[in-house]
Structures are given as structure tokens and as C-alpha cells.
Amino acid sequence: MTKHILIAIMCCLVFAFCKKDEVSAPPLISSVSLLDPAKQDSAFNETLPGTLILITGSNLGGIVNIYFNGQPAYFNPTYNTNTHLIVTIPGNAPTEATDPNVPNNIRVVTTHGETSYSFVLTIPPPAISAISNENALPGDSLVIWGNSLWLIDKIIFPGGREVTDFNADAAGTRVGLIMPDLGSDTGRLIIQAKYGIAKSDGPLNDHQSGDVISNLTNWEDGETAIFNWAWWGANRTDDKSLFPGTRGAYLQNIFGGVGANNGAWWDGNRSGNFTDVSTIFDASIMTRQAADYALKFEINTKEPWTAGINVLRMGEEYAYRFMPWASATTGVFDTEGKWQTVTVRLSDFKKADNGIEGTGANAAVMGDLLKAGGVVAFTYRYITEDAPVDVHNTAYDNFRIVKIR
């Protein structure tokens, strides 16, 4: 609805308000609709908090208060006539998600009586923004972050495994549970709730599928080997005492005493180098949108990360400046010895600008990032800029590229 139509409606209501007579009969609500004239005949009995609505009825003049599930709402008396009221439902009005005993009604109080009207305030469908570790081991704690994570019936894991034992926070932003044993099954996690479903943006238990660049495992036990390792850069190890909680082998980058503005990534265990991978994509991938795909991997910090940049590279032209400490409110990134999944959209990889990798134009299509025929050439390199790095000790595993939408 345009601004001009809204002004016209409000002017009509103001005119009607000026002409109305005093009433003494009790108020009555007959319908609730959107303000759009084209939709005013489409009454409804439920909507989201924050919606601008038109209440229609009789004897509505002289409204003193209006409540949505007991939450008072501000309204402009100018837009109150004997037959209508324009009002925005408060964004903080309670719903059954926050209070299972809400009355599900609109209550109008006037100078000459009050009335209630059955009306349900719904919530948006659930959405998943991140999962703590998409390759968690059976029995590990798992955290799902998102929005509207309320009224969940069940959480479905790959292989159709259903979990109903979980803890959700009151804000609807976090769900905690124990990772079930998925065996070799891989697939997206699904949250099934009263007001909709949500799917993870990538598969869980995805450490040995065709999406994987490298899981670093060669002869070690724990998973099917997908090696693609160039034999230099980081330490490759399967020592579970150093970084427990993963399968097979992984990479460890451990270094220290690196001064500011040091770009010598080839020194002192400051890189990760992989052989080219031709098994993930074919030539048809080259024209597809980079925003539809993401690089994922697991990371585990043994020391808090407060400076330094891990430059993730696709080919020789595009890079992503991975420095999670910079966006942390404390200026510190620390997984506290646990494996955590990182997701980087491929459209966030950028060209170099003024000689600085990852600061120029974003990748648009997959052909910007891949070699001819869809070959993946991936590496990462640690550098410093303004601040030195006294000590850095981080592990990586399960580098993979997945379709996220």
C-alpha cells in the first residue's frame, strides 16, 4: 500500500471522527484486517506482533485502552471512530511461545464499556543461523542458534533420527541437546515446530562425503580418507590428546613471536596447503552463483586468538580474511578447546585491492573462484598487520564446500 493511500484512509477516519455522535452502547468488534483498502474485506483472526491493523466494529468511539494478550498498545485517538481503530500490535506483546497461558484476545476498553475479541498472536517460523559443530561426535553437546526457536515438536537428524529431549531458551535463540550417533548418515538437520520448520544450511556428519576438500586422514582410523594434502605448512596429526573430539587426522597451526606487518606466511607453521581437487564439481558449476555455496570447516583453539589474519584463498585471485576475533565483542575468539563449525559464503571471497588480498570486489559466480572445469584450488595463510602475535595454537579439520541454498 502506498503512502498516499494510507494518508487518504487516515483523512477519512479523521473526518468521520469529527462528525461522530456520542455513544453509550457497549463496544463490539466485528473484524480485524490489514489497512490496505484492497484487503479490508479479508478479515483474519491471527497475525504477528508488530503488524499495523484496522479494527472494525460498532460503538468503538472513546477508546481509553486497548490490549493484545494483556499488553497495552499505544494508539492515536485521531484514528479512532465509532466504527474503526487503526493500531499497531506491540512488538513485545506476549504469544503462546513466551507465555502458554496467554488469553489470545484483543481487549478494548472505552468510556462506555469494554469488549474482547478472539485473536491469536503467532510467531515467525523457526530459523537456524548456526550449529556449534556440524561434525560433532556421538554424545557431544550440540548447540543450535537461530530465531523463533519456540514450540519445537522435535529435531530430526540425518537418517530420520528424531530427538525430543532438548533445552530451548526463553528468547527462542538457542537450543541445546546431545548429538545422537549418526553412523555414516549425512544430511541436513530439521527443526519441526508448531509454526513451521527450519533446515540447517548444510549437512551434518559431512566429513567424508563428496563435498569434502580434505579431511586430512590418510592411513589413520576414524573415517574414510579424503586426503588432498600437499605435505607442507601446518602440522598434520591424529593426536587425540592435543585436540580431542574429531575423527582421523587434522591440521595444527602453532607459532609465536610474529611481529606486526609480517606477511611471511611460509615461515613457522603458518599455512595450510592442499592439492587441487577435481572431485567436487564439474564444468557446469562455473556459471552458478557464488552466494549459493559456502566453505565450511571445523576449528579448535587451544589459545585465545586476538590478532593475526588467516587468509583463506580460492585460486590466486580471491581470498577471505578470516579473523573471528575482530567481530567478537571482547576482541577475543576462543572455542575453549572444543571443535566449532565455521561457515564462509563463497560470495564473501574478494579480489585484492591495492595489493591487499580479500579487500576488493566480491566473487559473483563460481567461475571466479575455481579453475577450469570446476577444479578447487584452496589454501590458507597466516599473516599479521597492525598487531603482533605472541602465541597461536589452532587446529582445523574437514574442509568442504557445500550448497547452502
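Keep in mind it's a predicted model, so treat the numbers as computed, not measured.

Engineer: I'd like to hear about the side chain of T394, residue by residue, with values.
Structural biologist: Along the chain, T394 turns up in strand 28 (residues 389–403). Using a relative accessible area of 0% as the deciding quantity, one classes T394 as buried. Side-chain polar atoms of T394 contact the side chain of H392, separated by 2.9 Å.

Engineer: Outline unusual backbone geometry, supporting the account with residue identities and numerical values.
Structural biologist: Here W231, not a glycine, exhibits a phi torsion of approximately 70°, which is positive. Note on placement: W231 falls in strand 19 (residues 229–233). The exposure class assigned to W231 is exposed, which follows from its relative accessible area of 56%. Not every positive phi belongs to a glycine, and N398 is a case in point at roughly 60°.

Engineer: Lay out the environment of Y293 with the relevant residues and their values.
Structural biologist: With respect to the element layout, Y293 can be found in strand 23 (residues 293–301). Relative accessible area serves as the criterion here: at 5%, Y293 is assigned to the buried category. Distance in space between the C-alpha atoms of Y293 and R236 is 27 Å, their sequence separation being 57 residues. Setting aside anything within four residues of it in sequence, one finds Y293 in contact with F281, I285, R288, R345, L346, M366, I401, V402, K403 and I404.

Engineer: Residue-level account of the sheet that holds strand 6 (residues 84–88), with values.
Structural biologist: A sheet is described by the order of its strands in space; here three strands give the open sequence 1-3-6, paired in antiparallel fashion. A single partner strand is all that each edge strand has here, and the edge strands are strand 1 (28–34) and strand 6. Across the sheet, the axes of successive neighbouring strands diverge by a mean angle of 25°, strand direction being ignored.

Engineer: Describe the packing of aromatic side chains, and please don't skip the residues or the numbers.
Structural biologist: What the rule picks out here adds up to 24 aromatic pairs. With a centroid separation of 5.6 Å and 80° between ring planes, the pair formed by W265 and W266 is classed as edge-to-face. W265 sits in the buried class, given a relative accessible area of 15%. A centroid spacing of 6.2 Å and a plane angle of 85° characterise the contact between Y380 and Y382, whose relative ring orientation is edge-to-face. The burial state of Y380 is the same as that of Y382; both residues are buried. An aromatic cluster of at least three residues, connected via ring pairs, comprises W229, F255, F274, F297, W305, F322, F333, F378, Y380, Y382, Y396 and F399. The ring of W219 carries R236 above its face, with NZ or CZ at 5.0 Å from the centroid. Over the ring of F243 we find K302, and its NZ or CZ is 4.9 Å from the ring centre.

Engineer: Talk me through the pattern of salt bridges; I want residue IDs and the actual numbers.
Structural biologist: What the rule picks out here adds up to 15 salt bridges. A salt bridge links R236 to E220; the shortest N-O distance between them is 2.9 Å. Of the two residues, R236 sits in strand 20 (residues 235–237) while E220 sits in the loop between strand 18 (212–214) and strand 19, which places them 16 residues apart along the sequence. Overall, R236 belongs to the buried group, its relative accessible area being 19%. Between K371 and D276 there is a salt bridge whose closest N-O contact spans 2.6 Å. Residue K371 is found in the loop between strand 26 (340–345) and strand 27 (378–383), and its partner D276 is found in the loop between strand 22 (271–274) and strand 23; the two are separated by 95 residues along the sequence. The class of K371 is partly exposed, set by a relative accessible area of 41%. Sharing partners across several salt bridges, the network here consists of E134, D201, K296, E298 and R400.

Engineer: Summarise the sheet that holds strand 14 (residues 167–168); cite the residues concerned and give the values.
Structural biologist: With antiparallel pairing, the four strands of this open sheet are ordered in space as 10-11-15-14. In this open sheet, the two strands that pair with only one neighbour each are strand 10 (127–131) and strand 14. Two elements, strand 14 and strand 15 (residues 174–178), share two bridges in a ladder whose sense is antiparallel. By the bridge assignment, A168 is partnered in strand 15 with V175.

Engineer: Talk me through the nonpolar core; I want residue IDs and the actual numbers.
Structural biologist: Core analysis: the biggest nonpolar cluster contains 44 residues, and L295, L346, V376, F378 and Y380 have the highest contact counts within it. Elements with a contribution of two residues or more to this core: strand 21 (250–258), strand 23, strand 24 (309–314), strand 25 (318–322), strand 26, strand 27 and strand 28. Those residues in contact with L346, other than ones at most four positions away along the chain, are A290, Y293, A294, L295, M314, A363, M366, L369 and I401.

Engineer: So what's going on with the pairing of strand 27? Which residues, and what values?
Structural biologist: With six of six residues buried, strand 27 lies mostly within the body of the structure. Judged by which residues are buried, strand 27 turns out to be covered on both faces: F378, Y380 and Y382 on one side and T379, R381 and I383 on the other are all buried. Sheet topology places strand 22 next to strand 27; three bridges connect them, and they run antiparallel. Each residue of the ladder has a partner; that of S271, found in strand 27, is R381. Bridge count for strand 24 against strand 27 is six bridges, and the pairing is antiparallel. Paired with V311 across the strands is R381, a residue of strand 27.

The rules behind the values
- Within each chain, residues carry numbers counting from 1 in the order of the written sequence.
- Given that this is a predicted model, residues contribute local features only at a pLDDT of at least 70 and side-chain atom pairs are listed and counted only at 80 or more, while totals for whole chains, interfaces and linings are drawn from all residues.
- Only heavy atoms go into the side-chain values, all of them from the structure, while hydrogens and water stay out.
- In this description a helix means any DSSP run of H or I spanning at least four residues, a strand means any run of E spanning at least two, and both kinds are numbered starting from the N terminus.
- Only protein chains enter the calculation, and the probe is 1.4 Å; a residue is then buried if its accessible area is under 20% of its type maximum, exposed if over 50%, and partly exposed in between.
- Whenever a nitrogen or oxygen atom comes within 3.5 Å of another N or O atom, the pair is scored as a polar contact, on the condition that within protein one atom can donate a hydrogen and the other can accept it, and that pairs from neighbouring residues in sequence are kept only if both atoms are in side chains.
- The contact criterion used throughout is that any non-hydrogen atoms of two residues lie within 4.5 Å.
- Should DSSP find at least two bridges between two strands, the strands are taken to pair.
- For every element, the axis is a line fit to its C-alpha atoms; helices are fit only across the contacting stretch, and the angle between N-to-C directions ranges from 0 to 180 degrees.
- Each pair of aromatic rings taken from Phe, Tyr and Trp, with Trp reduced to its six-membered ring, is defined by centres within 6.5 Å and is described as stacked if the planes are under 30 degrees apart, edge-to-face if over 60, and tilted in the remaining cases.
- In this scheme, the term charge over a ring applies when either NZ of a lysine or CZ of an arginine sits within 6 Å of the ring centre and within 35 degrees of the ring normal.
- Salt bridges are identified by distance alone: a Lys or Arg side-chain nitrogen within 4 Å of an Asp or Glu carboxyl oxygen.
- In this text, buried Ala, Val, Leu, Ile, Met, Phe, Trp, Tyr and Cys residues form a nonpolar core when linked through side-chain atoms within 4.5 Å.

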